[in-house]
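# Fold and contact review
Here's the letter readout for the chains.
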Amino acid sequence: SVAGSGVTSPLRAACQARSVTRIHTATSGARWRVARLTVDWSSTQAPAFVNAKPTNRNITPAAASQLVFTTPPVTSVAGVAIPVTVTARDAFGNTATGFTGSVTVAIGTNPTGAVLGGTTSQAAVAGVATFTSLSIDTVGTGYTLVATSGALTQATSSPFNITPAAASQLVF
């Protein structure tokens, strides 16, 4: 039943409610199809839909509140580029496409005192910061990266390892 409406039939209550279906598109955020139905209950037969006008609405994401590694670092060779992508998301988990702030990546867990090389700060484009030149110079196990940007909740990557490069010469 619909509170305060005097409607006690579940069918009548369902027909008076709004019908909302979410259609998600990865490139443009969320799109919603909303329909409001008006039902004619004046006859004793099955109700006829008098007015069903669906409308499309584009819903924009809320402001960015957190960072996430959408392409996390993986086990790599010392000194070789590690591609990483960090995405700003709103409180509902949507990509905050309006976010264009600077995202900085640093080593979080550093088991060997290694140095993070490459460009460590990138401006986000439509909520996404792409890092293509990050590298770690020392072999080790259990490294993590941390992404930060102002007041947004920081992201910490899952652990990954840095392995030695292939031998380039034999020394006696």
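Above this text sits the structure in question.
Notes on the structure follow.

What counts, and at which threshold
Residues numbered from 1 in each chain as written. Predicted model: local features only at pLDDT ≥ 70, side-chain atom pairs only at ≥ 80, totals over all residues. Heavy atoms only, no water. Helix = DSSP H or I, 4+ residues; strand = E, 2+ residues; numbered from the N terminus. Contact = heavy atoms within 4.5 Å. Areas by Shrake-Rupley, 256 points an atom, 1.4 Å probe, with all protein chains shown as cover. Buried < 20%, exposed > 50% of the residue type's maximum accessible area, 1.4 Å probe, protein only. Pairing = 2+ DSSP bridges. Core = buried A, V, L, I, M, F, W, Y, C linked by side-chain atoms within 4.5 Å. Axes fitted to C-alpha atoms, helices over the stretch in contact; angles between N-to-C directions. Polar contact = N/O pair within 3.5 Å; in protein donor to acceptor, adjacent residues only side chain to side chain.

### What to know about the overall build of the chain
In terms of helices and strands, the chain carries one helix and 15 strands. By sequence separation, contacts in the chain at least 24 residues apart represent 52% of the contacts at least 6 residues apart. With an accessible surface of roughly 10400 Å², the chain has 56% of that area assigned to carbon and sulfur atoms.

### Re the pairing of strand β15 (residues 160-163)
Only one face of β15 is covered, namely the one carrying F160 and I162; the face carrying N161 and T163 has none of its residues buried. Strand direction decides the pairing type here: strand β5 (residues 76-77) and β15, joined by two bridges, are parallel. Among the inter-strand pairings, V77 is bridged to a residue of β15, identified as T163. The sheet contact formed by strand β12 (residues 140-143) and β15 spans two bridges and is antiparallel. Counterpart to Y143 in the pairing with β15 is F160.

### Quick notes on the nonpolar core
Ranked by internal contacts, the top residues of the largest apolar core, which has 25 residues, are V86, I136 and L145. Of all elements in the fold, only β4 (66-71), β6 (84-89), β7 (102-107), β10 (128-131), β13 (145-148) and β15 reach the threshold of two or more residues within this core. When residues no more than four places from it in sequence are discounted, the contact partners of I136 are A78, G79, I82, I107, A114, V115, L116, Y143, F160 and I162.

### Observations concerning the sheet that holds β13
Overall, antiparallel pairing links the four strands, which are arranged β9-β7-β13-β14 in an open sheet. On the outer flanks of this sheet lie β9 (121-123) and β14 (155-156), each paired with one strand and no other.

### Some words on the sheet that holds β10
Spatial ordering of the open sheet is given by β4-β6-β10, a layout of three strands whose pairing is antiparallel. At either end of the open sheet lies a strand with only one pairing partner, and these are β4 and β10. Geometrically, the sheet is characterised by an average inter-axis angle of 25° between neighbouring strands, direction not taken into account. Looking at chain direction, β4 and β6 are connected through five bridges and run antiparallel. Looking at the pairing, V68 lines up with T87 of β6.

### Section: the side chain of S149
Turning to its location among the elements, S149 is positioned in the loop between β13 and β14. Assessed through its relative accessible area of 10%, S149 is described here as buried. In this structure the side chain of S149 is engaged in a polar contact, spanning 2.7 Å, whose partner is the backbone oxygen of S102. If we skip the residues at most four places from it in the chain, S149 touches L67, F99, S102 and V103.

### Structural notes on the pairing of β10
Of the two faces of β10, only one is covered, namely that formed by A129 and F131; the face formed by V128 and T130 stays uncovered. In this sheet, β10 lies alongside β6 in antiparallel orientation, the contact comprising four bridges. Directly across from V84, in β10, lies its bridge partner F131.

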